[in-house]
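Architecture at a glance
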Amino acid sequence: MRRKASLILLALAVFFAALSPLLRWYAFPHLAKIPANEYQTMVLEAKNATLLDYDGLVARTVPKVTIVQTLKGDVEASEKIEKTAGRDVVVWDGLSYVQGPDGKMVSKVPERYIFDAHTQEPVHATGEMVDGDPVRREGIEFKWPFLTEKRDYEYFDAQTRTTAPIHYKGTQNFRGLEVYYFEQTVPWTKVAMPRTMPVKGITPQDIAKTGTTRWYTTVRKFWVEPVTGAPVYGEEIHKEELRGGTLLGGRAKVTAFAGHVKMREDYIEHTVSVIKSNRTLVLLLTAYLPWGFLLLGALLMSLSLYLEARARRPDEPTAAEPAAPQPVTA
C-alpha cells in the first residue's frame, strides 16, 4: 500500500509542478484581458482656472472648470475587427467634455481607441480617430499594460495626434497601493481647433480664415498600479492659447484655458477600490496560484519519497520463541 500511495503522490507532485509555469506563462497571457463591454466615467476639475470669455475674447479667472471623460466599449465593433485581426480586440469610444462654472459647454472631443485586449497595444483599423480625424496611434493611451515595468513608455497625445515618451519617475505609495509615477511634458504645439465650438454658428473654418491659431502645452502625470496597469490617479497642468490673426484685435495671444486639472475625490476613492479588487485577481494568476502549486508539488514530492523509502525498508525480524521444555528420560 505504501508503494501505491507513493506513486499517486508522485503523479500529483508532477501535475502541480507542471501547472505552476502553465498558469503564469500560458494561462495568464490568455485570460487577463480588458472586457470589450467596459464602461467608465471619470470627473476631473481645475479650480481657480483661467478660461476664455468668448463674448469679449478676454481671459478670466473662474472658480472651477469640469472635465468629464467617458469610455464606452463597443462590443459589436470589437467582434467585427477581431475577425480580421485574429486576436482579442477592444474598441473604446471616448468623449472628453469640458464645461465652465455655469455648466455651459467649453469643448467636447470624441475619440475611438482600438487596442489589443491583452497587451493594450494599438490595433489599427477603420474608425480609429480623434475628433473625427483619422489617426494611427503608436504607444499606449488611457491604460498601461498588465505587469507594468519600471521604464519609459510611448504615450499617445490626443491633442497633438503624436506619440512621445512618458517617463518613469519612481515608485510611490498612494492610499495603500504601491504605484509607479510617470510624467510627460508636451511642449507648446500648434493643434487643431475642436470641431464643436462653444459659440453657436462659429466653425473651425471660420476661425482659420481670421488667421488665428490654437496652441497647447501640458505636463501629464499618472500614478499607475503596476500589477493591473491601471492609473489610480492623474493630473495635468494644462494650457491653451489662441495666437495671432485678426480675431484677437491686434493682440499676439490670449489664454483660452489654463489650469491644474485633478481627479475629483469621489472618483479617486472608487478607482482605488476597483483596482485593489482587480489586482487580487491578476495576482492569483501571476503569483499566488503559481507559487502555491509549486510549493504544493515540492511537498507532495517529499512525501512520496518518504513513503517510497519506508516501503523499501526490510521488516524487522521477530524474536524467536523459546523452545518448549523436553521431558527428561532416564
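Residues numbered from 1 in each chain as written. Predicted model: local features only at pLDDT ≥ 70, side-chain atom pairs only at ≥ 80, totals over all residues. Heavy atoms only, no water.

**A word on the sheet that holds strand S4 (residues 105-116)**
Across the sheet, 12 strands lie side by side as S6-S5-S4-S3-S2-S1-S12-S11-S10-S9-S8-S7; this open sheet has antiparallel pairing. The outermost strands of the open sheet, each flanked by one partner alone, are strand S6 (133-134) and strand S7 (153-157). One ladder, built from seven bridges, connects strand S8 (residues 162-174) with strand S9 (residues 177-191); its direction is antiparallel. Bridge assignment links Tyr168 to a residue of S9, and that residue is Phe182. Seen against the sheet, helix H2 (residues 75-85) touches strand S2 (58-73), strand S3 (89-99) and S4 and runs at an angle of roughly 140° to S3. Helix H4 (residues 265-312) contacts strand S1 (39-53), S8, S9, strand S10 (213-225), strand S11 (230-243) and strand S12 (253-263) of the sheet and is inclined by roughly 140° relative to S11. (Pairing = 2+ DSSP bridges. Helix = DSSP H or I, 4+ residues; strand = E, 2+ residues; numbered from the N terminus. Contact = heavy atoms within 4.5 Å. Axes fitted to C-alpha atoms, helices over the stretch in contact; angles between N-to-C directions.)

**Focus: the UniProt feature "transmembrane region" (unreviewed entry) in the protein**
In the numbering adopted here, UniProt assigns the feature "transmembrane region" (unreviewed entry) to residues 281-307. What you have in residues 281-307 is 100% helix and 0% strand, and the ends, taken at the C-alpha atoms, are 37 Å apart. (UniProt positions renumbered as here; feature names shortened; annotations may be inferred.)

**Some details on the nonpolar core**
For soluble globular proteins, nonpolar side chains are generally found buried alongside one another. Of all hydrophobic cores here, the largest spans 26 residues; its most connected members are Val65, Phe174, Val232, Tyr233 and Phe257. Looking at this core, the elements that each hand over two or more residues are S1, S2, S9, S11, S12 and H4. Ranked by the residues each element gives to this core, the list is headed by S1, at six residues. If we ignore the near neighbours within four places in the chain, the residues touching Val65 are Leu44, Glu45, Ala46, Ala49, Leu51, Val98, Gln99 and Phe257. (Core = buried A, V, L, I, M, F, W, Y, C linked by side-chain atoms within 4.5 Å. Buried < 20%, exposed > 50% of the residue type's maximum accessible area, 1.4 Å probe, protein only.)

**Digging into the side chain of Thr228**
Checked against the element boundaries, Thr228 lands in the loop between S10 and S11. Looking at Thr228, the relative accessible area reads 5%, which means it is buried. At 3.3 Å, the side chain of Thr228 and the backbone nitrogen of Ala230 are in polar contact. For Thr228, the residues in contact, after removing those within four places along its chain, are Lys143, Trp144, Pro145, Phe146, Ile275, Asn278, Arg279 and Val282. (Polar contact = N/O pair within 3.5 Å; in protein donor to acceptor, adjacent residues only side chain to side chain.)

**Brief notes about H4**
With 48 residues, H4 should reach 70 Å at 1.5 Å per residue; the first-to-last C-alpha distance of 68 Å fits that figure. Of all bends in H4, the biggest is about 60°, found at Leu284. (Expected span 1.5 Å × (residues − 1). Bend = angle between axes of the 7 residues up to and from the residue.)

**Observations regarding unusual backbone geometry**
Backbone geometry places Asp131, a non-glycine residue, at a positive phi of 55°. You can see Asp131 is positioned in the loop between strand S5 (129-130) and S6. A residue is classified by how much of its surface remains accessible, and Asp131, at 5% relative accessible area, is buried.

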